[in-house]
Amino acid sequence: MDQPNLMSADEDDDGLLPYRIFSRDEWARLRADAPMTLTADEVVQLQSLNDPISLDEVAAIYLPLSRLLSLYVAATQGLFKATQRFLLAEQQEKVPYIIGVAGSVAVGKSTTARVLKALLARWPNTPKVDLVTTDGFLLPNAELTRLNLMERKGFPESYDTGKLLHFLADIKAGKRNVKAPLYSHLVYDVVPGEETTVDRPDILIVEGLNVLQPARMPKDGTAIPFVSDFFDFSVYIDADEEDLHRWYVNRFLRLRHTAFRDPLSYFRRYAELSESEAITIADGLWSRINLVNLQENIVPTRQRASLILKKGPSHRIETVALRRL
Ligand SMILES: Nc1ncnc2c1ncn2[C@@H]1O[C@H](COP(=O)(O)OP(=O)(O)O)[C@@H](O)[C@H]1O
Ligand SMILES: CC(C)(COP(=O)(O)O)[C@@H](O)C(=O)NCCC(=O)O
């Protein structure tokens, strides 16, 4: 197989960042002999509204990634066994391998996470793969309103980060039946009393815009881990601001004809707006909240990811950057 062309001069702005950069074609070649385990129909089922993905995208981007992850998971299990041997410990059950998926609102994190989950679950050893989204760890709207944070939804202060850290610590400690709260995009709020249960999967995917963010440092010097301290691997989905803005507004316009018509929708009142009124509302939400959050709190975490997938204007991944170990 050809060696990928490593463009060292283009690796980063100042030559300091530890990534190998691949063009789409170079990365696609690294699929090697990984078999296609999804059908075109299954891929359509996995995609989100306004976030197209094709079988070609799965073959070129996600099968090489699945192959890389199968090698990394095996290596991590080897390291785990080595540590057990060093500690003269009884052979313990392996702990879940945790993969973080980060990126802007409307970049298509949910589609990526679902495609990854489906592919990993179809490895020959059929691992159990679970998926959790961090929006469940947002503070409920009532609490955000009380704290005057409704215009800061998705910002670091809008999450119960302590709860998320405890959740991840329990998973890594090998606990059974660990619960995570659930968020509804329809109702635009955390759903009281609804939970998802994570019961010792082989792999857990944790998706959310905040997953690579640093801890807010406590003044008393107590050590607080980063969410990503619990990750074995992380993916950042990247796209240009203009593309993200357009995808967000287009999705909002499409939701007017679908989800917003549901009586339970928080945005019910927007279903009847004219297109130009809807564009004004969506532009406002994007520029006041999601764009500011992207610039201040999400893009600065990009360089912490193990892998950066850079999308072009039609959601097609054009470049892949893999962190050097
Ligand atoms: N107001 C809404 N009503 C219903 N579904 C929504 C709404 N906003 C977003 N969604 C859906 O929620 C999911 C998550 O969206 P988002 O947090 O922007 O992440 P991403 O686009 O990166 O997956 C997507 O599947 C999207 O289509
Ligand atoms: C819930 C969100 C913060 C997204 O969280 P994610 O699932 O991407 O982690 C976002 O969809 C959101 O509601 N942003 C606030 C502004 C808006 O209504 O778009």
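From a predicted model like this one, the values you see are computed outputs, not experimental measurements.

A. Inspection of the site of ligand 2 at higher detail. The environment of ligand 2 is made up of 16 residues, and the closest members are Lys-109, Asp-135, Tyr-188, Tyr-248 and Asn-290. Contact between ligand 2 and Tyr-248: an oxygen atom at 2.6 Å from a side-chain N or O atom of the residue. Here an oxygen atom of ligand 2 sits 2.9 Å away from a polar atom, N or O, in the side chain of Asn-290. Burial of ligand 2 by the protein amounts to 94% of the accessible area it has alone, namely 470 Å². At a threshold of 2 Å from the grid points, most atoms of ligand 2 map onto the largest pocket. For the shell around ligand 2, the residue count by class is eight nonpolar, five polar and three charged.

B. Geometry of the sheet that holds strand S2 (residues 97-103). The strand order across the open sheet formed by seven strands is S1-S9-S8-S7-S2-S6-S3, and the pairing between neighbours is mixed. Strand pairing shows two members of the sheet lacking a second neighbour, strand S1 (19-23) and strand S3 (129-133), which therefore form its edges. Averaged over all pairs of adjacent strands, the angle between strand axes in this sheet comes to 20°, irrespective of strand direction. The pairing of strand S8 (residues 307-311) with strand S9 (residues 317-323) spans five bridges and is antiparallel. The residue of S9 that forms the bridge with Leu-307 is Leu-322.

C. Structural detail: helix H3 (residues 55-86). Between its first and last C-alpha, H3 extends 44 Å over 32 residues, near the 46 Å set by a 1.5 Å rise per residue. At Tyr-62, H3 is deflected by roughly 40°, the largest bend along its length, and proline Pro-64 occurs up to four residues later in sequence. Downstream of H3 by a residue or two, Leu-88 has a phi angle that is positive, lying close to 55°.

D. Quick peek at the site of ligand 1. Ligand 1 sits among 15 residues. The nearest are Ala-106, Gly-108, Lys-109, Ser-110 and Arg-251. With respect to ligand 1, the backbone of Gly-108 contributes an N or O atom lying 3.0 Å from an oxygen atom. Here an oxygen atom of ligand 1 sits 2.8 Å away from a polar atom, N or O, in the side chain of Arg-251. When atom positions are compared with the pocket grids, ligand 1 is found to occupy the largest pocket.

E. The packing of aromatic side chains, seen in detail. Tallying each qualifying case throughout the model produces 12 aromatic pairs. Centre to centre, the rings of Phe-260 and Phe-267 are 5.1 Å apart; their planes meet at 40°, and the pair counts as tilted. Take Phe-260 and Phe-267: they sit in the same class, and that class is buried. Among the aromatic side chains, those forming a connected cluster through ring pairs are Tyr-188, Phe-252, Phe-260, Tyr-266, Phe-267 and Tyr-270. The ring of Tyr-188 carries Lys-153 above its face, with NZ or CZ at 3.7 Å from the centroid. In this arrangement the basic side chain of Arg-269 is found over the ring face of Tyr-266, its NZ or CZ atom lying 5.8 Å from the centre.

F. Just the environment of Val-178, in detail. Here Val-178 is to be found in strand S4 (residues 178-184). Note on Val-178: relative accessible area 7%, which makes it buried. Not counting the four nearest positions on each side in its chain, Val-178 is found in contact with Phe-167, Asp-170, Ile-171, Thr-196, Thr-197 and Val-198.

G. Structural detail: the layout of surface pockets. In this structure, the largest pocket encloses a volume near 1,100 Å³. Contributing to the lining of the largest pocket are 42 residues, with Val-105, Asp-135, Tyr-183, His-185 and Arg-251 lying nearest its centre. Contributing elements (two or more residues each) for the lining of the largest pocket: helix H4 (109-121), S3, S4, helix H7 (241-257) and helix H8 (275-298). A class-by-class count of the residues in the lining of the largest pocket yields 21 nonpolar, 14 polar and seven charged. Roughly 300 Å³ of internal volume is contained in the second largest pocket. Around the second largest pocket, the lining is made up of 19 residues, and of these Pro-156, Thr-161, Pro-214, Ala-215 and Arg-216 lie nearest the centre. Sorting the residues of the lining of the second largest pocket by element identifies helix H6 (161-172) and H8 as the ones contributing at least two each. For the lining of the second largest pocket, the leading source of residues is H6, giving four residues.

Conventions we followed
- Residues numbered from 1 in each chain as written.
- Chains lettered and ligands numbered in written order.
- Predicted model: local features only at pLDDT ≥ 70, side-chain atom pairs only at ≥ 80, totals over all residues.
- Heavy atoms only, no water.
- Near = heavy atom within 4 Å.
- Polar contact = N/O pair within 3.5 Å; in protein donor to acceptor, adjacent residues only side chain to side chain.
- Areas by Shrake-Rupley, 256 points an atom, 1.4 Å probe, with all protein chains shown as cover.
- 1 Å grid on protein atoms, 1.4 Å probe; cavity = no way out; pocket = protein on both sides within 12 Å on 5 of 7 lines; lining within 4 Å.
- Sits in = over half its atoms within 2 Å of the grid points.
- Nonpolar A, V, L, I, M, F, W, Y, C, P; charged D, E, K, R; others polar.
- Pairing = 2+ DSSP bridges.
- Helix = DSSP H or I, 4+ residues; strand = E, 2+ residues; numbered from the N terminus.
- Axes fitted to C-alpha atoms, helices over the stretch in contact; angles between N-to-C directions.
- Expected span 1.5 Å × (residues − 1).
- Bend = angle between axes of the 7 residues up to and from the residue.
- Phe/Tyr/Trp six-rings, centres within 6.5 Å; stacked < 30°, edge-to-face > 60°.
- Buried < 20%, exposed > 50% of the residue type's maximum accessible area, 1.4 Å probe, protein only.
- Lys NZ or Arg CZ within 6 Å of the ring centre and 35° of its normal.
- Contact = heavy atoms within 4.5 Å.
- Points joined across faces, edges and corners; volume = space filled by probe spheres on them.

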